[in-house]
Amino acid sequence: MVDTLIVSEAKYHEALKSFFAVGPNCQCCTSAGQARRQLSSGSYQLVIINAPLQDESGRELAKQAASQQSSVILLAAAAQAEKLADQLERLGIFVIPKPLNRQTAVFVLQFVRAAQARAQKLLEENHRLVRRLEEMRLVTRAKCALVRYCDMTEEQAHRALEQRAMDERISLKEAALSLLSQYESV
């Protein structure tokens, strides 16, 4: 899997690879159009854009890459970097003024990796919460089916569902699914 995309004039490719210590899983492009084709055919953990590009400023490409869940570093002229940072930081795009030095590149790369790790943890937590919410919805639907078809109170329905799960040695979610298949189409 290619994890880094560098978009820059060809003469800067090796220097950028060195500064950002990218491994062998790196793809290089010389234009925004070429980079867009690469982005559409695969996903990248990190996209480094050395602006301006031969066919655009690099700003729109940075936005597109960020919208595809890539971490984006945009290298811009010092005079434009602050203005671009104000516009793009809310999208999670790191704007670095040029000229670039190794120390700045290492610092930004560490920051990007820390942000990626934090985002990954948040994504995992989000998935866990979504699964839990889906389970709660199923249990609620099953309780409503018991209330409607078996003339139970909500508390009785909850106890019956828990008892079924214990008796059959299955999870509450599985008990809810089983019950729902009896009373309504899931």
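Below or above, wherever it landed, is the structure these notes cover.

Scoring rules and cut-offs
Residues numbered from 1 in each chain as written. Predicted model: local features only at pLDDT ≥ 70, side-chain atom pairs only at ≥ 80, totals over all residues. Heavy atoms only, no water. Axes fitted to C-alpha atoms, helices over the stretch in contact; angles between N-to-C directions. Helix = DSSP H or I, 4+ residues; strand = E, 2+ residues; numbered from the N terminus. Parallel < 35°, antiparallel > 145°, perpendicular 65-115°, else oblique. Left-handed = near helix turned anticlockwise from the far one by under 90°. Contact = heavy atoms within 4.5 Å. Nonpolar A, V, L, I, M, F, W, Y, C, P; charged D, E, K, R; others polar. Phe/Tyr/Trp six-rings, centres within 6.5 Å; stacked < 30°, edge-to-face > 60°. Buried < 20%, exposed > 50% of the residue type's maximum accessible area, 1.4 Å probe, protein only. Polar contact = N/O pair within 3.5 Å; in protein donor to acceptor, adjacent residues only side chain to side chain. Core = buried A, V, L, I, M, F, W, Y, C linked by side-chain atoms within 4.5 Å.

Focus: the packing of helix 5 (residues 102–150) against helix 7 (residues 172–183)
(1) Moving on: Taken N-terminus to C-terminus, the directions of helix 5 and helix 7 make an angle of 40 degrees; their axes are 9 Å apart at the nearest point. With respect to their mutual orientation, helix 5 and helix 7 come out oblique. As for how helix 5 packs across helix 7, the hand of that crossing is left-handed. Here helix 5 contributes Glu135, Leu138, Val139, Arg141, Ala142, Ala145, Leu146, Tyr149 and Cys150 to the contact with helix 7, which in turn contributes Leu172, Lys173, Ala176, Leu177, Leu179, Leu180 and Tyr183.
(2) Moving on: Its residues assigned to classes, the contact of helix 5 with helix 7 shows 13 nonpolar, no polar and three charged.

Regarding the packing of aromatic side chains
(1) Moving on: One pass over the full model with this rule turns up two aromatic pairs.
(2) Moving on: When the ring of phenylalanine 94 is compared with that of phenylalanine 111, the centres are 5.4 Å apart and the planes differ by 85 degrees; the resulting orientation is edge-to-face. Here phenylalanine 111 lies in helix 5 and phenylalanine 94 lies in strand 5 (residues 93–98), a separation of 17 residues in the sequence.
(3) Moving on: Measuring from ring centre to ring centre gives 5.5 Å for tyrosine 149 and tyrosine 183, while their planes differ by 5 degrees; the resulting arrangement is stacked. Of this pair, tyrosine 149 sits in helix 5 while tyrosine 183 sits in helix 7; the two residues are 34 residues apart in sequence, bridging distant segments of the chain.
(4) Moving on: Look at tyrosine 149 and you get partly exposed, because its relative accessible area is 42%.

Some words on the environment of alanine 66
(1) Moving on: Relative to the helices and strands, alanine 66 is located in helix 3 (residues 59–67).
(2) Moving on: Separated by 65 residues in the primary sequence, alanine 66 and arginine 131 place their C-alpha atoms 26 Å from one another.
(3) Moving on: Ignoring anything within four residues of it in the chain, the contact list for alanine 66 reads Val72, Leu91 and Ile93.

Thoughts on the side chain of asparagine 50
(1) Moving on: Looking at the secondary structure, you find asparagine 50 in strand 3 (residues 46–50).
(2) Moving on: Reaching out from asparagine 50, the side chain makes a polar contact with the side chain of lysine 98 at a distance of 2.9 Å.
(3) Moving on: Beyond its immediate stretch of four places on either side in the chain, asparagine 50 contacts Val7, Ser8, Tyr12, Leu16, Leu75 and Lys98.

Concerning the nonpolar core
One broad rule of soluble globular proteins: the nonpolar side chains tend to lie buried together.
(1) Moving on: The biggest cluster of nonpolar side chains holds 24 residues, and the ones touching the most others in it are Ile49 and Val95.
(2) Moving on: Only strand 1 (4–7), helix 2 (32–41), strand 3, helix 3, strand 4 (71–77), helix 4 (78–88) and strand 5 provide two or more residues apiece to this core.
(3) Moving on: Not counting chain neighbours up to four residues away, the residues in contact with isoleucine 49 comprise Val7, Gly58, Leu61, Ala62, Val72, Ile73, Leu74 and Leu75.
(4) Moving on: The next biggest cluster of nonpolar side chains, apart from the first, holds 15 residues, and it includes Leu16, Cys26, Val108 and Val112.

A short note on unusual backbone geometry
(1) Moving on: Here the bond from alanine 51 into proline 52 is cis, since omega is -5 degrees, no more than 30 degrees from zero.
(2) Moving on: With an omega of 5 degrees, the peptide bond between lysine 98 and proline 99 qualifies as cis.
(3) Moving on: Tracing the sequence through the fold places proline 99 in the loop between strand 5 and helix 5.
(4) Moving on: A positive phi angle, close to 70 degrees, is found at glutamine 69, a residue other than glycine.

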